[in-house]
Amino acid sequence: MSSLAGETKANLRAWWRPDVHNERRSVTLCALAAVLGLVIAGIGLFNARGTRVAGVPPEDAAVVNRSPILLSDYVVQLQALYNVSPSQATTDQKRATLNSMIREELYVQRGIELGLQNDFIEIRSALVNAVEAQQEIDANATVPTEQELRDFYQKHLQNFQPEGLMTVTDFVAPDLGSAQRAVIAVRSGQDLESAMAAGGLRTSGATDDGEEFYFAAEQHLGSTLFSIAKGLQDGQVSDPVADGGRVHVLAMRNNRRPVPEDYSEARDQVLAGYRTDEIARMRAGTDRFLRERADVQIAKGLQ
Amino acid sequence: MRSMYTRYILLLSAVVIVLIMVVATTVIHRRERTEFLQADADRILDDHRLAPKALARGRRIFLANCASCHGADGRGSTATGTPDLTDQVFLYGTGRVSEIESIVLHGIRSGDDKGWDLAWMPAYGKPVPYARGKLPSLSPGEIEQLTSYLRALNGAVGEDPAAVSAGRILFQEHGGCWDCHGRDAQGDTAIGAPNLSDGSWLRGDGSRRDISRIIREGLHGVSPAFRGRLDPVNARAVAVYVASLHARKESK
């Protein structure tokens with residue numbers, strides 16, 4: 001018995017002797033290494049994020065045909081449906097919430113299988129919006145440097161000026177002659193109201209509400225009169241203007257032309273403008289890319 | 001010969017030990033991750049095991065991703081209209097970790113469909129104040145009246161009573177302000193409409209100039225969606241950290 005044990009021990013020692021060539025040992029060790037490698041690769045593969053085959057990853061509430069239902073979405077849904085957090089929710093509430101989300105996911109997957117995006121306008125619009133939204137998300141996540149923002153501000157100064165303001169009175173004259181006389185009287189120093197009254201000019205009522213933004217004044221006066229009003233200085237009266245079958249005289253009381261805000265004041269708008277610009281750039285890039293890689297064939301007569 | 005065997009055994013043992021350590025670390029890491037993500041987010045701050053790690057990790061994530069706008073101390077900036085994350089004034093929600101986590105992942109006006117994007121502060125001094133719906137512009141005089149009303153509401157003295165009264169009527173009726181901010185001007189955290197009566201200002205300091213500018217030019221800040229850039233653990237950790245900033249102030 002002891003001699004058998006001794007023999008086995010000796011064989012084992014001989015098997016391990018590195019100075020003796022042993023083909024079986026080489027093959028066995030190779031096989032062991034291969035098995036070990038496969039095990040490690042397998043663990044890596046089945047635990048890799050995104051593979052979603054070995055159980056439910058911790059960030060998900062469920063996995064439906066390899067599509068995850070995110071735990072964060074589940075929590076939001078629980079809150080929306082029952083106004084409870086996961087620890088406050090009853091088992092029934094949790095089950096009902098998850099079931100409705102699983103059902104939704106299954107229906108979405110079924111919809112894709114059936115190619116419903118080809119049939120339903122709402123789905124097509126939603127998909128287009130979703131792709132555009134993705135560009136918006138990316139653009140909104142960009143954090144430009146202060147210098148980039150300042151450069152953008154300098155380049156688009158006109159976008160960062162508040163509306164101009166004016167207080168203007170639009171007088172209507174009975175005829176061109178009385179309008180001209182009234183204008184001469186005002187320009188030679190006569191009081192505006194008395195000069196207008198003497199010439200029979202009356203306010204049209206278009207801008208009698210006091211100070212107005214430029215856009216409102218343009219709406220009230222019309223583009224011809226507004227373009228003249230914009231150029232008037234405080235206290236100045238315009239030449240008589242024929243517009244819409246009537247003769248007008250504009251008297252400017254206060255004209256505050258738009259001036260760009262300081263960078264520091266407008267910074268939040270500069271950032272918003274920068275990102276809007278970025279979104280437009282990304283959309284143009286995506287359009288180009290999609291067109292380039294697509295095989296678009298257009299029917300004869302429609303090119 | 002013996003030393004050769006010993007070397008083999010030692011080498012093999014080392015490999016096995018390293019493998020065991022790798023597997024053990026992976027298992028522990030995965031268990032921690034699962035525990036953290038499956039815990040009720042709103043209770044993590046009270047969990048003495050999960051909170052310290054989450055706060056340490058959250059602070060790192062905050063400094064790398066959020067501090068550029070909210071500042072390293074999270075106090076934001078009234079100059080740019082970036083919310084103070086350390087006060088008890090909540091623009092959206094009530095400051096719960098789960099709500100903050102949702103903002104971290106999906107953002108505010110970020111373009112993400114799951115983010116908060118129900119309303120914008122219109123620019124009443126523009127020809128089209130609100131892109132999503134029909135709202136009338138206001139005249140400079142009306143903007144001044146609203147400004148007087150809001151300043152009086154926040155305790156400013158010396159406002160013209162007639163302007164305050166006209167401003168209140170505008171606010172509560174055809175100005176449309178009540179639609180988001182409520183007739184009492186106390187706001188609505190469900191849509192991110194700030195309370196306009198608590199003396200706390202998102203942009204500026206409540207001066208006549210600042211208030212009238214907001215009414216004239218509008219306000220609609222953006223918080224980016226980080227769902228594609230932050231791992232779920234990091235998103236939750238930073239949410240826990242931000243919630244702790246609010247909580248810290250509360251406990252003082």
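Residues numbered from 1 in each chain as written. Chains lettered and ligands numbered in written order. Predicted model: local features only at pLDDT ≥ 70, side-chain atom pairs only at ≥ 80, totals over all residues.

J.: Help me get a handle on the overall build of chain A, residues and values and all.
T.: Check the secondary structure of chain A and you find 11 helices and seven strands. The C-alpha radius of gyration computed for chain A amounts to 40 Å, which surpasses the reference 19 Å derived for 303 residues by more than 25%, pointing to a less compact arrangement than a globule. Across its three principal axes, chain A shows a C-alpha extent of roughly 140 × 60 × 50 Å. In chain A, which comprises 303 residues, the share counted as buried stands at 20%. (Helix = DSSP H or I, 4+ residues; strand = E, 2+ residues; numbered from the N terminus. Rg over C-alpha atoms; globule rule 2.2 N^0.38 Å. Buried ≥ 20, exposed ≤ 12 C-beta atoms within 10 Å, placed from the backbone.)

J.: For the overall build of chain B, give the residues involved together with the corresponding values.
T.: The secondary structure content of chain B amounts to nine helices and zero strands. Moving toward the C terminus, one meets the helices and strands of chain B in the order α-α-α-α-α-α-α-α-α. Whereas a compact globule of 252 residues would reach a radius of gyration of roughly 18 Å, chain B reaches 26 Å, over 25% beyond that. Seen through its C-alpha atoms, chain B measures out along the principal axes to roughly 105 × 40 × 25 Å. When burial is assessed residue by residue, chain B has 39% of its 252 residues classed as buried.

J.: Run through the domain arrangement of chain A, naming residues and quoting values.
T.: Quoted interface sizes are often the accessible area lost when the parts come together. According to the domain assignment, chain A consists of domain 1 (2-47), domain 2 (63-127), domain 3 (128-157 + 260-303) and domain 4 (162-256). Here the C-alpha centroids of domain 2 of chain A and domain 4 of chain A sit 63 Å apart. (Domains from an automatic or database assignment.)

J.: Please give an account of the nonpolar core that cites residues and values.
T.: Val-97, Ile-100, Val-104, Val-238, Ala-239, Val-240 and Val-242 of chain B are the most contacted members of the largest nonpolar core, which totals 34 residues. Only α3 (71-82) of chain A together with α2 (50-65), α4 (97-106) and α9 (232-251) of chain B provide two or more residues apiece to this core. No other element matches the nine residues that α9 of chain B contributes to this core. If near-sequence neighbours (up to four positions away) are discounted, Ala-239 of chain B is found in contact with Ala-41, Val-97, Ile-100, Glu-101 and Val-104 of chain B. Core analysis: the second largest hydrophobic core is formed by 25 residues, Val-168, Tyr-214, Leu-221 and Ala-251 of chain A among them. (Core = buried A, V, L, I, M, F, W, Y, C linked by C-beta atoms within 7 Å. Contact = placed C-beta atoms within 7 Å.)

J.: If you had to explain the domain arrangement of chain B to someone new, which residues and values would you point to?
T.: All names here are of chain B. Each assigned domain of chain B is listed here: domain 1 (1-38), domain 2 (39-117 + 223-251) and domain 3 (140-217). Centre-to-centre separation of domain 2 and domain 3, based on C-alpha positions: 28 Å. Of the residues contributing to the side of domain 2 that touches domain 3, the split by class is seven nonpolar, four polar and no charged. (Nonpolar A, V, L, I, M, F, W, Y, C, P; charged D, E, K, R; others polar.)

J.: Before we move on, can you summarise the interface of chain B and chain A with the specific residues and values?
T.: Taken together, the contact between chain B and chain A spans 39 residues of the former and 32 residues of the latter. Sorting the residues of the side of chain B that touches chain A by element identifies α1 (2-38), α4, α5 (140-153) and α8 (208-217) of chain B as the ones contributing at least two each. For the side of chain B that touches chain A, the element with the highest residue contribution is α1 of chain B, accounting for seven residues.

J.: Could you give an account of α3 of chain A, naming the residues involved and the relevant values?
T.: Taking 1.5 Å of rise per residue, 12 residues should cover 16 Å, and α3 of chain A covers 16 Å from first to last C-alpha, within 8% of that figure. Asn-83 of chain A occupies a position one or two residues after α3 of chain A and carries a positive phi of about 55 degrees. (Expected span 1.5 Å × (residues − 1).)

J.: Can you break down the environment of Thr-167 of chain A residue by residue, with the values?
T.: Residue and element names in this part refer to chain A. Following the sequence through the fold, Thr-167 ends up in strand β3 (residues 165-173). For the pair formed by Thr-167 and Glu-211, sequence separation is 44 residues and the distance between their alpha carbons is 4.4 Å. Sequence-distant contacts of Thr-167, defined by excluding residues within four places in its chain, comprise Gly-210, Glu-211, Arg-253 and Asn-254.

J.: Could you give an account of the pairing of strand β7 (residues 246-256) of chain A, naming the residues involved and the relevant values?
T.: All names here are of chain A. Two strands pair when backbone bridges link them, and β3 and β7 are joined in this way by nine bridges, in the antiparallel orientation. Pairing of Leu-165 across the sheet is with Arg-256, part of β7. Here strand β6 (residues 241-243) folds back onto β7, and the loop between the two strands holds two residues, one of which, Gly-244, carries a positive phi near 60 degrees. (Pairing = 2+ DSSP bridges.)

J.: Can you explain the confidence of the model for chain B? Please cite residues and give values.
T.: Of all residues in chain B, 97% attain a pLDDT of 70 or more, and the chain-wide mean is 91. This prediction of the complex comes with two scores: 0.79 for pTM and 0.81 for ipTM. (pLDDT = per-residue confidence, 0-100.)

J.: So, α8 of chain B: which residues are in play, and what are the values?
T.: Judged by how many residues are buried, α8 of chain B sits mostly within the fold: seven of 10 residues are covered. Looking at α8 of chain B, one finds that the buried residues are Ile-211, Ser-212, Arg-213, Ile-214, Ile-215, Arg-216 and Glu-217 of chain B. Residues of α8 of chain B that are buried make contact with α11 (263-293) of chain A together with α5 of chain B. Phi turns positive, to about 80 degrees, at Gly-218 of chain B, one or two residues after α8 of chain B.

J.: I'd like a description of the pairing of β3 of chain A, backed by residues and values.
T.: In this sheet, strand β5 (residues 212-213) of chain A lies alongside β3 of chain A in antiparallel orientation, the contact comprising two bridges. Directly across from Met-166 of chain A, in β5 of chain A, lies its bridge partner Glu-212 of chain A.

J.: Run through the packing of helix α5 (residues 121-140) of chain A against α11 of chain A, naming residues and quoting values.
T.: Each pair of packed helices gets described by two things: the angle between the helix axes and the distance between those axes. Residues and elements named next belong to chain A. α11 packs onto α5 with a crossing angle of 135 degrees between their chain directions and a minimal axis gap of 9 Å. One element, α5, and the other, α11, form an angle in the oblique class. As for how α5 packs across α11, the hand of that crossing is right-handed. Contacts between α5 and α11 involve Glu-132, Gln-135, Glu-136, Asp-138, Ala-139 and Asn-140 on the former and, on the latter, Arg-275, Glu-278, Ile-279, Met-282, Arg-283 and Thr-286. Of the residues contributing to the contact of α5 with α11, the split by class is three nonpolar, three polar and six charged. (Axes fitted to C-alpha atoms, helices over the stretch in contact; angles between N-to-C directions. Parallel < 35°, antiparallel > 145°, perpendicular 65-115°, else oblique. Left-handed = near helix turned anticlockwise from the far one by under 90°.)

J.: Any chance you could break down the packing of α5 of chain B against helix α6 (residues 161-172) of chain B for me, citing the residues and the numbers?
T.: Residue and element names in this part refer to chain B. Between α5 and α6, the least distance of the axes is 7 Å, while the angle of their chain directions is 100 degrees. Viewed along their axes, α5 and α6 adopt a mutual orientation that is roughly perpendicular. For the pair formed by α5 and α6, the contact residues are Glu-142, Glu-144, Gln-145, Leu-146, Ser-148, Tyr-149 and Ala-152 on the first element and Ala-163, Val-164, Ala-166, Gly-167, Arg-168, Leu-170 and Phe-171 on the second. Classifying every residue of the contact of α5 with α6 gives eight nonpolar, three polar and three charged.

J.: Give a detailed account of the environment of Gly-177 of chain A, specifying residues and quantitative values.
T.: All names here are of chain A. With respect to the helices and strands, the residue Gly-177 is situated in helix α7 (residues 176-187). Using a count of 12 C-beta atoms within 10 Å as the deciding quantity, one classes Gly-177 as exposed. Along the sequence, Gly-177 and Val-247 sit 70 residues apart, while their C-alpha atoms lie 9.8 Å from each other.

J.: Explain unusual backbone geometry to me, using residue names and the numbers behind them.
T.: Residue and element names in this part refer to chain A. With a phi close to 50 degrees, Asn-65 is a non-glycine residue in the positive phi region. Even without being glycine, Arg-66 reaches a positive phi, approximately 70 degrees. Looking at the secondary structure, you find Arg-66 in the loop between β1 (60-64) and β2 (67-70).

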